[in-house]
Amino acid sequence: TRKESSAASDVYKRQELESRLRLALAQGHLQMYYQPQIDIATGRIQGAEALVRWNDPQEGLISPARFIPVAETSGVIGPLGEWVVREVCRQGQEWREAGLPPLTLALNVSPRQFHLTDLAGCTAAALHASGFPAALLELEITESALAERTEEARQVLVRLRELGVRIAVDDFGTGYSSLAQLKRFPIDVLKIDQGFIRDIPQSEDDMAISAAIIAMGHSMGLSVLAEGVETEGQLAFLRERGCDAYQGYLCSRPVPADDFVALLRAQAESAAAAQG
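The paragraphs below set out a description of the structure included in this document. (Residues numbered from 1 in each chain as written. Predicted model: local features only at pLDDT ≥ 70, side-chain atom pairs only at ≥ 80, totals over all residues. Heavy atoms only, no water.)

1. Considerations on the overall build of the protein
Worth spelling out the cut-off: Helix and strand definitions follow DSSP, with helices as H or I runs of at least four residues and strands as E runs of at least two, each counted in order from the N terminus. The cut-offs for exposure are 20% and 50% of the maximum accessible area for each residue type, with area from a 1.4 Å probe on protein chains only; residues under the lower value are buried, those over the upper are exposed, and the others partly exposed. In this description, contact between two residues means that some pair of their heavy atoms is separated by no more than 4.5 Å. Only the protein chains shown count as cover for residues, with accessible areas throughout obtained via the Shrake-Rupley method and a probe of 1.4 Å.
In terms of regular secondary structure, the protein is built from 12 helices and 10 strands. Put simply, the protein has 276 residues, and 47% of those count as buried. Contacts spanning at least 24 positions in sequence make up 67% of the contacts within the protein whose residues lie at least 6 apart. Per element, the accessible surface of the protein, about 13,500 Å² overall, is 51% carbon and sulfur.

Next comes the structure, spelled out in structure tokens:
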């Protein structure tokens, strides 16, 4: 039947993408892009979120939305996740040695990578091999990953905290974790999901939710970062509410490492000119 043949072709496409992804990992076709994270009070770049991109020789850039789900269901997520942690630590250390200002580099940990691989062991090895300081590495865990098997999740976070890395809760407000649970996790940063930022200042509800997340984060001693900020109006609202940092197209989309360094150098030059 037509249904069966389309299901079979979907399976074939996933398997084909999986084997190409394994090859891409082996051949060095993956690269990290960096999206600046801005300190709202000073307007300066304080760090970046590192995002993996697949640059296929035939097809060009393949979206993470296509290959991450395949990696998650196939077991490629383990080696892929390890490569990302190693690469971000290596890059961060290279930038430090080049004399760039200290930057916090944040990276996403997929729920399956969080629950099924030795995240703390892999992170410890990457920090040790690169010499990158643990305090400048931030791991972003989704709220839904923390809500699943909470005691195991807490133990992983405790091990990561012992290494000295920072922990951010990603997509906050979209999952179902309770505040009581959140308080038990060693967390440094709450990231407001871009779904709540998109319709500010038109949506009263989204403004109320975002303001509540900022107030709650601060009452728990956490810093709060908003994702997906695209307009001056959104930034003005966040500034007024005391949000600590933001990322989004208003500053820059994710860019390759060299372009990110160019953004940092441009910032340093304009700061020097302002003082001069």
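2. Some remarks on the packing of aromatic side chains
Pairs of aromatic rings are described using the distance from one ring centre to the other and the angle between the two planes. The criterion, for reference: Here is the rule: rings of Phe, Tyr and Trp (six-membered ring for Trp) pair when centre to centre is within 6.5 Å. Planes less than 30 degrees apart are stacked, more than 60 are edge-to-face, and the remainder are tilted.
Counted under the stated rule, the structure contains 4 aromatic pairs. Seen from their ring centres, Tyr34 and Trp95 are 5.0 Å apart, and the 65° between their planes marks the pair as edge-to-face. Here Tyr34 is found in strand E1 (residues 30–39), whereas its partner Trp95 is found in helix H3 (residues 77–97), with 61 residues between them in sequence. Both residues of the pair, Tyr34 and Trp95, belong to the buried class. Ring pairs connect the aromatic residues Tyr34, Trp95 and Phe260, which therefore count as one cluster.

3. Some words on the packing of helix H5 (residues 119–130) against helix H7 (residues 150–163)
Rules: A fitted line through C-alpha atoms represents every axis, and for helices the fit uses only the stretch in contact; the resulting angles, taken between N-to-C directions, go from 0 to 180 degrees. Angle categories are assigned with fixed cut-offs, so that under 35 degrees is roughly parallel, over 145 is roughly antiparallel, 65 to 115 is roughly perpendicular, and the rest are oblique. Whether a crossing is left-handed or right-handed is set by the direction in which the near helix is turned from the far one by less than a right angle, anticlockwise for left-handed and clockwise for right-handed. Residue polarity follows a fixed list, in which Ala, Val, Leu, Ile, Met, Phe, Trp, Tyr, Cys and Pro are nonpolar, Asp, Glu, Lys and Arg are charged, and the others, Gly among them, are polar.
Running from N to C, H5 and H7 point in directions that differ by 15°, and their axes come no closer than 9 Å. Taken together, the axes of H5 and H7 are roughly parallel relative to one another. The handedness of the crossing between H5 and H7 comes out as right-handed. Residues Leu119, Ala120, Gly121, Thr123 and Ala124 of H5 pack against Val156, Arg159, Leu160 and Leu163 of H7. Along the lines of polarity and charge, the residues of the contact of H5 with H7 split into 6 nonpolar, 2 polar and 1 charged.

4. Details of the state of the cysteines
We count it as follows: Any two cysteine sulfur atoms lying within 2.5 Å of each other are counted as a disulfide.
Using the criterion set out here, one finds 0 disulfides in the structure. Cys89 takes part in no disulfide bond, and the closest cysteine sulfur to it belongs to Cys122, at a distance of 8.5 Å. Judged by its relative accessible area of 0%, Cys89 falls in the buried class. Between Cys243, a free cysteine, and Cys251, which holds the nearest cysteine sulfur, the sulfur-to-sulfur gap is 14 Å. The exposure class assigned to Cys243 is buried, which follows from its relative accessible area of 5%.

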